[in-house]
Amino acid sequence: MKNISSFLILYFIFCFHVIAQDQMKAYQNYDFVPGENILFEDDFSNTRDGEFPAMWKLITGQGVVNKIEGKSVFVITEGNYAVVAPRIKTPTYLDKNFTIECDYYTEKDDDFGIGIGMPFDENNLYCGIRFDNVGTVSTHYMENVELKGDHPDAEKYEYKKWRHLAIAYKDGQMKCYVDQLRILVVPQTEYEPKFVRIVGVAPIRFTNFRIALGGGMNILDQLYKDGKIVTRGILFDVNKATLKPQSMGVINEIIKMLNQDPKIKLSIEGHTDSDGDDKINLTLSQQRADAVKKALVDAKIDAARLSTIGFGESKPVDNNSTPEGKANNRRVEFVLVK
């Protein structure tokens with residue numbers, strides 16, 4: 001019996017490894033790179049089950065945080081076009097370059113999963129991007145712009161599954177992604193977004209919501225200008241060094257840069273927030289830097305061009321008293337080695 005149990009444990013570890021590798025491979029061509037400065041982040045882990053999240057405001061409808069598949073999820077339970085918004089001090093906060101990300105979940109009969117509203121003004125809450133329940137992405141009440149992108153697997157789209165959405169806005173152009181696929185490009189939005197609303201027909205379920213500013217500079221230019229590239233789009237499972245698949249957007253850019261200039265050598269430096277034990281954080285940051293190096297070496301980058309070091313929580317760049325501050329401190333830096 002003991003041998004059978006050991007075999008089953010090894011088998012499940014092997015299956016998990018294969019699935020994780022397949023997920024990473026699926027993101028080989030992913031080109032979404034999040035902004036460098038995190039303005040707002042909420043994974044709802046600090047909200048009690050059954051309560052409304054304090055970092056959000058309810059405009060119409062009803063909603064609470066519930067546990068689903070082990071995740072803390074904001075569930076909009078009522079509302080025909082329910083509207084919720086992140087609580088950010090300034091009424092207008094988006095820049096000319098910004099990114100939005102979240103994980104969302106749809107049922108087969110949902111009208112659509114989630115709408116990201118980026119309005120002209122407070123009276124036009126629904127202008128923005130709509131993500132529906134078969135992976136289709138479309139502009140929503142954008143003046144003079146009516147565009148739609150269909151998911152290539154729309155006819156056999158899987159329901160009751162978590163999806164990752166991402167939006168990259170740069171100087172009027174907007175790129176929209178579902179999981180590893182770019183579904184829609186809006187060449188010119190014809191307006192300048194100022195703030196964000198989550199809009200949709202209940203039920204809506206989402207988590208790991210993030211708004212980040214920046215993303216305008218080419219990473220090679222950034223490396224030569226600043227001597228390093230600071231990234232917050234390389235993500236890991238909680239308290240682990242397991243790379244999340246959507247990290248490949250940033251990693252793919254680093255791979256392109258290293259292939260473009262074979263003389264570049266980098267120190268990969270891991271940083272954590274202050275949560276948890278100092279020694280554990282130091283070890284974790286080293287393991288995460290090593291995981292990033294492995295991803296680059298797996299992509300045929302010469303290991304001799306890469307070194308790693310973990311600094312744990314010892315070099316914060318923001319305060320550790322807010323979710324956004326902690327998110328800014330959790331980062332991977334690529335430092336030019338001369």
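1. Concerning the overall build of the chain
Along the chain, the regular secondary structure elements total five helices and 17 strands. Each of the 338 residues in the chain was classed as buried or not, and the buried ones make up 49%. Taking contacts inside the chain between residues at least 6 apart in sequence as the whole, the part at least 24 apart equals 68%. Accessible surface for the chain amounts to roughly 17,000 Å². Of this, 50% is attributable to carbon and sulfur atoms.

2. Here we look at the nonpolar core
Nonpolar side chains tend toward joint burial in soluble globular proteins. M118, I129, F131, F206 and F209 are the most contacted members of the largest nonpolar core, which totals 43 residues. Looking at this core, the element that brings in the most residues is strand β13 (residues 204–213), giving five residues. Look past the residues within four positions of F206 in its chain and what remains in contact with it is F44, W56, V73, F74, V84, C102, D103, Y104, I114, W162 and I198.

3. Quick look at the sheet that holds strand β14 (residues 228–231)
Taken in spatial order, the four strands line up as β14-β17-β15-β16 in an open sheet, and their pairing is mixed. Unpaired on one side and paired on the other, β14 and β16 (306–310) mark the two borders of the sheet. Sheet twist, expressed as the mean angle between neighbouring strand axes with direction ignored, is 20°. Across six bridges, strand β15 (residues 266–271) lies against strand β17 (residues 331–336) in antiparallel orientation. Paired with L266 across the strands is L336, a residue of β17. Here helix α2 (residues 219–226) sits on the sheet in contact with β14, β15 and β17, set at roughly 120° to β14.

4. Considerations on the pattern of salt bridges
Applying the stated criterion across every chain yields a total of 15 salt bridges. The salt bridge involving R210 is made with E41; its shortest N-O contact spans 2.6 Å. Taken as a pair, R210 in strand β13 and E41 in strand β1 (residues 37–42) lie far apart in primary sequence, 169 residues in all. Overall, R210 belongs to the buried group, its relative accessible area being 8%. Its relative accessible area of 13% is what places E41 among the buried residues. Residues K161 and E158 are paired through a salt bridge, measuring 3.6 Å at the closest nitrogen-oxygen approach.

5. Quick look at the packing of aromatic side chains
The full count for this structure, using the stated rule, is 19 aromatic pairs. Measuring from ring centre to ring centre gives 5.5 Å for W56 and F206, while their planes differ by 70°; the resulting arrangement is edge-to-face. Placement of the pair is W56 in strand β2 (residues 56–68) and F206 in strand β13, with a sequence separation of 150 residues. You'll find W56 and F206 in the same group, each marked buried.

6. Section: helix α4 (residues 278–298)
Spanning 21 residues, α4 covers 30 Å between terminal C-alpha atoms, matching the ideal 30 Å at 1.5 Å per step. Looking at α4, one finds that the buried residues are N281, L284, S285, R288, A289, A291, V292, A295 and L296. Axial view of α4: buried residues confined to an arc of 155°, hence all on one face. Those residues of α4 that are exposed and aimed more than 90 degrees away from the buried face are K279 and I280. Taken together, the buried residues of α4 touch α3 (248–260), β15, β16 and β17. In this structure D277 caps α4, since a side-chain oxygen of it lies 2.9 Å from the backbone nitrogen of K279. Downstream of α4 by a residue or two, K300 has a phi angle that is positive, lying close to 75°.

7. Describing the environment of D103
Examined against the element boundaries, D103 turns out to sit in strand β4 (residues 97–106). Sequence-wise, D103 and W162 are 59 residues apart; in three dimensions their C-alpha atoms are separated by 6.4 Å. With residues near it in sequence (within four places) discarded, D103 still touches W162, R163, H164, R205, F206, T207 and N208. Only 2.8 Å separates the side chain of D103 from the side chain of H164, close enough to count as a polar contact.

8. Points about the packing of α2 against α3
Two numbers describe how α2 lies on α3: the axes approach to 10 Å, and their chain directions differ by 70°. In terms of axis orientation, α2 runs roughly perpendicular to α3. Residues I219, L220 and L223 of α2 form the contact with α3, whose own contacting residues are E253, I254, M257 and Q260. Across the contact of α2 with α3, the residue classes break down as five nonpolar, one polar and one charged.

9. Quick look at unusual backbone geometry
Residue P203 is reached from A202 by a cis peptide bond, and omega for that bond is 5°. Structurally, the position occupied by P203 is in the loop between β12 (197–201) and β13. One non-glycine residue, Y141, lies in positive phi territory at about 60°. Position of Y141 among the secondary structure elements: in the loop between β7 (137–140) and β8 (148–149). Here Y141 falls in the exposed class, since its relative accessible area comes to 59%.

What counts and how
- Residues numbered from 1 in each chain as written.
- Predicted model: local features only at pLDDT ≥ 70, side-chain atom pairs only at ≥ 80, totals over all residues.
- Heavy atoms only, no water.
- Helix = DSSP H or I, 4+ residues; strand = E, 2+ residues; numbered from the N terminus.
- Buried < 20%, exposed > 50% of the residue type's maximum accessible area, 1.4 Å probe, protein only.
- Contact = heavy atoms within 4.5 Å.
- Areas by Shrake-Rupley, 256 points an atom, 1.4 Å probe, with all protein chains shown as cover.
- Core = buried A, V, L, I, M, F, W, Y, C linked by side-chain atoms within 4.5 Å.
- Pairing = 2+ DSSP bridges.
- Axes fitted to C-alpha atoms, helices over the stretch in contact; angles between N-to-C directions.
- Salt bridge = Lys/Arg side-chain N within 4 Å of Asp/Glu carboxyl O.
- Phe/Tyr/Trp six-rings, centres within 6.5 Å; stacked < 30°, edge-to-face > 60°.
- Expected span 1.5 Å × (residues − 1).
- Arc of directions from axis to C-beta.
- Polar contact = N/O pair within 3.5 Å; in protein donor to acceptor, adjacent residues only side chain to side chain.
- Parallel < 35°, antiparallel > 145°, perpendicular 65-115°, else oblique.
- Nonpolar A, V, L, I, M, F, W, Y, C, P; charged D, E, K, R; others polar.

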